[in-house]
Amino acid sequence: MGKSLMIVDDSATMRKIIMRTVRMSGLEFDRTEEAGSGVEALQKLESGPVDVILCDINMPEMNGTELVKKARELASCSGTKIVMVSTESAQDLIDQVMSDGADGYITKPFTPEKFQEKLAPLLN
Amino acid sequence: MAATATDIESRLAGLSDASFEAFCEDLGAMFDADVQCTRQQAGAGTVEEVRKHFKKLAAVHLVQATGALDGTFQLFFDQGGLFILSGFVVMLPEKKILDDVKRGSIDDADNLTDAAREVGNLLVGSWDRVFREECKGHEHFLKTNTFIGKPWEDSSKIELAADEAVHFAIYEMKVASYPSFCCAAVFPKKVLHAPQDAVVPAPKAEAPAAGASAPQDAMPVAAAPAVVPASREVPAVSDEPHGGQAKPPTADVATGPDSRTPVAPAPAQEASVPAEVPESQGLTAIPEDIQSVVETVVGSPCASVAADERKAPPSRPVNRAPAESSPSILDQVLADYTVGPDTSALTDLLNLPARKIMTPEVIWCDPEATVQDVIELMQQHSTGYVLVGRDGVLEGLLSGSTIQGAISPYLRPVFAKWRRPEDDATLGIKVKWIMSRPVRTVKPDTVLATVIESMCRYGGRCLPVVDSQSQVLGIITVFDVLLRVLEADQSLTWKGRPPQAIPVLV
C-alpha cells in the first residue's frame, strides 16, 4: 500500500519547495496533502491519517510543537511519523520537540539528500 | 578569550563573508544551482554609504540578534536580488524574472512577498548557523520582518535612522545564469554592544587582529574581493536545451536570450475536431430517439452534433481521421462478443445516461495556475484530470499525460544528477498554455454508447458533463466507462475466452 505525506507550513512557497525537494529525493508518496496551519492539519488528520508529516515549527495560531502534542493525542495518528522542518537549529529546541513526540528534525536549508537520509528509515 | 565589542566588530566582515558563503552553499544545494558571492566593500560610516547601492526596490530582512550582537541588524538585497532570489525559489520563468529585475513594480514585488520572506528565513538560518559555530557569544538570530519597497522613503520601517552610524559589508551575488546583484549586511553600531562574557574564537587568517582601538575603521575594507564560491559542481551536460518544447504562443513565457533558459511550454494542444461527423450505421440495439448531445464548449460555437453522432459511430477505435464506411468500434466490439441468452443487459448498458456514469467530484484550477499547482492538485485528489476555468466557466482540460508532456524529463529522480534550474522552470509554466481546448462535453442524458463513440473518435479519455446552462455537473473518464462495463451483465464474455473471463474492451 502506498504511503501518504502531509506538509504543514504557513508559507505556500515553502510548502512548494518542500514538495519539490521530496520529489527530487526519490521518495515516493501516493498521496500528498498540504496544510497552512496546525489547526488545518489537525482537521485533516481527524478525517484521515497520513504516514508522514513534515511540519514547520514557527507558525501562527498553533505552532509545530503544539501540533505534535495534539497529533499524538489522536488515535488515528498513532503510527504517523512526524518530522519537523525548521530554520531553527538550536540543539535545545531540537531536543524539546523530539521529546514532545517528533520522530525527526530537518533543518532548513535542506537538500533532497537530507530528506532521503531522514525520511527513508522512517518509511521502512 | 573574553570578547569585547571591538573583538566582534573586528570580525564582522569575516563573519559576514562566512554567513553569505553559507547562504550561497545552502541555496545552491537546495536548488541545485551555482550561487556565488563576492565582497565588494566593507567599512564603517553612516547609512548614506549603503543607501547609494539600494536606491530602487529592495528586500530588507530585519534580524533580531541576541548574544554577541545585541539588537536589530539588516540584510539588504537590491531590486535584482529581490526578484531573482524570490523568483528563483518559486521557479518563475526566467523571462519574467529578468523583466522584473529591469521593470518590476512594487505590485510585482508584493506578489513575491511570501517567497521573499522564505528567502529571508533561509538566509537568517544560514547566518545563525555560522555565528553559532564561529562566535561563541552568539545566542540567536531571529528574522522579525521582511520589508519590501524603497527603503529610504521611510527608513524607520527598516529601523534605521537617516544618519545612523553603521558597519557594513557589501557584496555582489550571482545565482545561476542570472545577472549579478547587490546585497549587504548592515550593523548599527548600537548592536555591537555585546555582553561582557561573549567569547569570540581566534580570528581566521582574513580577519584583522582583535582589539583594534578605532571602531570606525575596524571593519576592514577588502583589499581584494573575497570570492565566496558555493562549491557547486556544474553537471557535465550539454547546454542544449532538452525537452524539445516549442516556443510559447506569446512572449509572456518566451525563452530567454540564450540556450540555458527555462524550457518554454508546449503549444496549446488543440483538440482535433472534425467539422462534420460522418454518417455510418447505427446500433440497432439503441433506441433512435435518445437525445444525446456532444458539443464543443470552448474555442468554437456550441455546435451541437450529438444527435447525429449517436447515429454515426466512428469508423476506427482511436483515430481522428475522417470516418469511412467501415463498421464502428461498437459494431466491432459487439461482433466480437458472444452475447449471452439475454441481450437486454447490453442494451441497457449502452443506454445508460451520462448522469449515472459520471464522477460528480471535479477538480478545477485557474488558467493562470502553474504546472506545479496542477501536479499538486492531482496528487492531493488522486485524479488524472483537472478542469481549467474561472467562475464555473470551462476553458480547458488538463490530463496527467498533458502535464507529463509539459515538464522536463530531467525532473525525474533518476535524472536528479543532471537536473538544472531550467528543468525546474518547466514546473512554472502556466496551464493556459498547455491545456487541451476546445473541450468536448456531453449532456447529462447522453448515453454511454455516444460517450464511448466520442472518446474513440476524438481520442479524449475524459468528457465533462454539462447542463443546459453549460454548468459542469461532473466528468466521465474512460475508467468510469470501463467500470460500468465490468459492472454490467456478466453474461457478456469475450469471444474465445471461457465464460468466467472478465469482459475487457481493448
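Residues numbered from 1 in each chain as written. Chains lettered and ligands numbered in written order. Predicted model: local features only at pLDDT ≥ 70, side-chain atom pairs only at ≥ 80, totals over all residues.

Participant: How would you sum up the overall build of chain A? Please name residues and give values.
Facilitator: Regarding its fold elements, chain A presents five helices and five strands. Secondary structure of chain A in N-to-C order comes out as β-α-β-α-β-α-β-α-β-α. Looking at chain A as a whole, 46% of its 124 residues are labelled buried. In chain A, 67% of the contacts between residues at least 6 apart in sequence involve partners at least 24 apart. (Helix = DSSP H or I, 4+ residues; strand = E, 2+ residues; numbered from the N terminus. Buried ≥ 20, exposed ≤ 12 C-beta atoms within 10 Å, placed from the backbone. Contact = placed C-beta atoms within 7 Å.)

Participant: Quick one: what's the story with the pairing of strand S13 (residues 393–399) of chain B, residue by residue and with numbers?
Facilitator: With five of seven residues buried, S13(B) is to be regarded as a mostly interior element. Linking strand S12 (residues 385–390) of chain B back to S13(B) in an antiparallel pair, the connection comprises two residues, with B:Asp391 at a positive phi of about 55°. (Pairing = 2+ DSSP bridges.)

Participant: How would you sum up helix H2 (residues 38–47) of chain A? Please name residues and give values.
Facilitator: Residues and elements named next belong to chain A. For H2, the full list of buried residues reads Gly-38, Ala-41 and Leu-45. Projected down its long axis, H2 carries its buried residues within an arc of 55°, all on one side. Exposed positions of H2 whose direction lies more than 90 degrees from the buried face are Gln-43 and Ser-47. (Arc of directions from axis to C-beta.)

Participant: So what's going on with the interface of chain A and chain B? Which residues, and what values?
Facilitator: Tallying the contact residues gives 20 residues for chain A and 25 residues for chain B. Going through the elements one at a time, helix H1 (12–25) and strand S2 (31–35) of chain A are the ones with two or more residues in the side of chain A that touches chain B. Of all the elements, H1(A) adds the most residues to the side of chain A that touches chain B, at seven residues. Residues belonging to the side of chain A that touches chain B are distributed by class as follows: nine nonpolar, seven polar and four charged. (Nonpolar A, V, L, I, M, F, W, Y, C, P; charged D, E, K, R; others polar.)

Participant: How would you explain the packing of helix H3 (residues 79–89) of chain B against helix H4 (residues 94–103) of chain B if you had to name every residue and give the values?
Facilitator: Residues and elements named next belong to chain B. Contact geometry of H3 with H4 gives a least axis separation of 8 Å together with a crossing angle of 160°. Considering the angle they form, H3 stands roughly antiparallel to H4. Considering how the two elements wind past one another, H3 and H4 form a crossing that is right-handed. Between H3 and H4, the residues in contact are Gln-79, Gly-80, Phe-83, Ile-84, Gly-87 and Phe-88 and Lys-96, Ile-97, Asp-100 and Val-101, respectively. (Axes fitted to C-alpha atoms, helices over the stretch in contact; angles between N-to-C directions. Parallel < 35°, antiparallel > 145°, perpendicular 65-115°, else oblique. Left-handed = near helix turned anticlockwise from the far one by under 90°.)

Participant: Can you explain the environment of A:Ala12? Please cite residues and give values.
Facilitator: Residue and element names in this part refer to chain A. When you line up the elements, Ala-12 lands in helix H1. Of the residues examined, Ala-12 has 15 C-beta atoms within 10 Å and is grouped as partly exposed. Measuring from C-alpha to C-alpha, the distance between Ala-12 and Glu-34 comes to 9.0 Å, with 22 residues separating the pair along the chain.

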